[in-house]
Amino acid sequence: MALEVKLQVFEGPLDLLLHLIDKNKVDIYDIPIVTITQQYMDYIRQMQHDDMDVTSEFLVMAATLIDIKCRMLLPKEVNEDGEEEDPRAELVEKLLEYKMYKYMSYELRDRQVNADLYFYREKNIPEEIEGYEAPIDYGTLIGENNLSMLNGIFQGLLRRQEDRVDPVRSKFGKIEKEEVDMDLKTEYVRDYIKVHKRFSFRQLLEKQHSKSEIVVTFLVILEEMKLGEIEIEQQETFGDIVITSRRDVNE
Amino acid sequence: MNREEGAAAIEAILFTMGESVETDRLAKALGEEIKDVKDQIVYLKEKYAKADSGIGILELENAVQLCTRKEMYEYLIQIASTPKRNVLTDALLETLSIIAYKQPVTKLEVERIRGVNSDHAVNRLVEFGLVTELGRMDAPGRPLLFGTTEEFLRSFGVRSLEELPSLDAVKVEEFKQEAEHEADVKLDI
Amino acid sequence: MNREEGAAAIEAILFTMGESVETDRLAKALGEEIKDVKDQIVYLKEKYAKADSGIGILELENAVQLCTRKEMYEYLIQIASTPKRNVLTDALLETLSIIAYKQPVTKLEVERIRGVNSDHAVNRLVEFGLVTELGRMDAPGRPLLFGTTEEFLRSFGVRSLEELPSLDAVKVEEFKQEAEHEADVKLDI
């Protein structure tokens, strides 16, 4: 399961970054970004599924690295105190922070093992006392809360939920895949040539309904020219192109 | 294993098990003779007879069990009547408001609205008697449906659910527009 | 109530309750001052330190709980079923350590440090009862704040958050140099 792999092996760029650095310890000074990317792609393939989260997070990391690299090639920026700013500082800071928590997580894991050695006891109230289990005091439990506060809390929740919906993405319309069949278009253009013999390229394009139809029509024209079916002339730059059928000439 | 060590091991086992444990089972766990185990139990009894002990040993036929000493009952009654101070935390209030307005509602729906696992919160509310299971939803997995109880109505001083302040449709629309506006601003960098 | 009697009463209460009981609740049930209760707990601890004791006392923040002594483990596994342990993956441990050290902390902050979406990890930890919601942050969007639970303290054998393992300065310096070196390597595109 791809999801399981994500859980057990890696979950993200900082982890991945450290791992890849670790793997390349041998020739540490010449790890090109290309290699990192290559290895990353291998992991993606291992996961087999297109986990967009991981992919996009990696892109953010890669972009950050390239950004820092670019800034290092430019003249150094100077901060308010007149000190040169090291573009790497931020990345070092991030790596350091992550490393510390990673280290701590191993410390924690070691402690967890010891905690297993202790056993506890289930609550066991003798029968004679059970009756004394204190009832819940609803007065103190509810406290100052009242229905209109509950209403306010719920409205607040609805509002936050609304915030979580990405209004930009949810406004996107559907992108319809437009199918323009090359063969059909070729047939159409050939008929057009046969009927018109000599015609304006611009006029032909005006008959097309969409950008992709125009593109395909243009491709068909190029193809026909290559096959020697038509001839084209243009009198001046940006002027109209006149297309002439060569079929009459041949026949 | 000396007497003291044996007594300690038996104490640990009886403490963990709660129920009574047969002497031969104890002997097996300790890798001891039954007669030695019996001797160690005697040691335990003597230890528990001292003034600093709150627990005692209960001997049954071929088995033993730990219990609190009778003299301690008054303290147990005291602790039972000084319950933990229960308050409705933010998490509980949020969960309660969702259940009140959306009932009957599944835990999954509560979690979808809150954006976080709400097992604990729902369970606490059920423990408090403010929320109860209403049945199961006729959907895959047959998830439990939750709703508020009569105690909820009583505690909040309302006679019926109709008295819940209604949600202002205008307000909901406003939230939506604000959220959209904020997103536009963010993109306008 | 003398020390021994107090210790006996506390023992009986903790034995009955099983779970942890706050020191102030104990004081109330016993009708004693908190400082006296603390003294009686010290007495109990000393009593449990002897060779003939199979149980011990676990101190958690402002509460205490009875547990078996770890030396008894070998006998207990013979007879008691071992508690189910949640397997914490690296991702979960990482998230847990960030929450433990930075609490109260938002999910966003956890994600900033890990550089990866942590919804799933935080939810799992909440499910395991190791992490809980502490409330909401007073900031735009009122994000949830998370912290560790008492179960966390128990599971990791720490009595209070102050006892969390700390990083010594030498190690921090070491990590800093490593991080700088790694940053250089990364930039050697």
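This text gives an overview of the structure that appears in the document. (Residues numbered from 1 in each chain as written. Chains lettered and ligands numbered in written order. Predicted model: local features only at pLDDT ≥ 70, side-chain atom pairs only at ≥ 80, totals over all residues. Heavy atoms only, no water.)

### Some thoughts on the interface of chain B and chain C
Tallying the contact residues gives 42 residues for chain B and 45 residues for chain C. In total, about 3700 Å² of surface goes out of reach between chain B and chain C, with carbon and sulfur atoms giving 65% of it. It is Phe15(B), Asp52(B) and Ile79(B) that lose the most area in chain B upon contact with chain C, and together they represent 18% of the buried surface on that side. Summed over the shared surface of chain B and chain C, the number is 2 salt bridges. Between chain B and chain C we count 14 residue pairs in polar contact (both at pLDDT 80 or more) in total. Sorting the residues of the side of chain B that touches chain C by element identifies helix 1 (3-17), helix 2 (23-30), helix 3 (34-48), strand 3 (63-68), helix 4 (73-81) and helix 5 (90-102) of chain B as the ones contributing at least two each. Broken down by element, the residue count for the side of chain B that touches chain C peaks at 11 residues, all from helix 1 of chain B. Looking at side-chain class alone, the side of chain B that touches chain C contains 23 nonpolar, 8 polar and 11 charged residues. (Contact = heavy atoms within 4.5 Å. Buried area = accessible area lost by both parts, 1.4 Å probe. Salt bridge = Lys/Arg side-chain N within 4 Å of Asp/Glu carboxyl O. Polar contact = N/O pair within 3.5 Å; in protein donor to acceptor, adjacent residues only side chain to side chain. Helix = DSSP H or I, 4+ residues; strand = E, 2+ residues; numbered from the N terminus. Nonpolar A, V, L, I, M, F, W, Y, C, P; charged D, E, K, R; others polar.)

### Considering the pattern of salt bridges
In the structure shown here, the tally under the stated rule is 37 salt bridges over all chains. Where Arg154(B) meets Glu151(B), a salt bridge forms, and the shortest distance between an N and an O atom there is 3.1 Å. With Arg154(B) and Glu151(B) both in helix 8 (residues 150-155) and 3 residues apart, this pair spans about one turn of that helix. The class for Arg154(B) is exposed, based on a relative accessible area of 54%. Linked by salt bridges that have partners in common, Glu97(A), Lys102(C), Glu109(C) and Arg112(C) make up one network. (Buried < 20%, exposed > 50% of the residue type's maximum accessible area, 1.4 Å probe, protein only.)

### Section: helix 7 (residues 119-127) of chain B
All names here are of chain B. Along helix 7, the residues classified as buried are Ala121, Val122 and Leu125. Buried positions in helix 7, seen along its axis, are confined to an arc of 95° and lie on one side of it. Seen from the buried face of helix 7, the exposed residues on the opposite side, beyond 90 degrees, are His120 and Glu127. Contacts from the buried residues of helix 7 go to helix 5, helix 6 (107-114), strand 5 (131-136) and strand 6 (144-148). (Arc of directions from axis to C-beta.)

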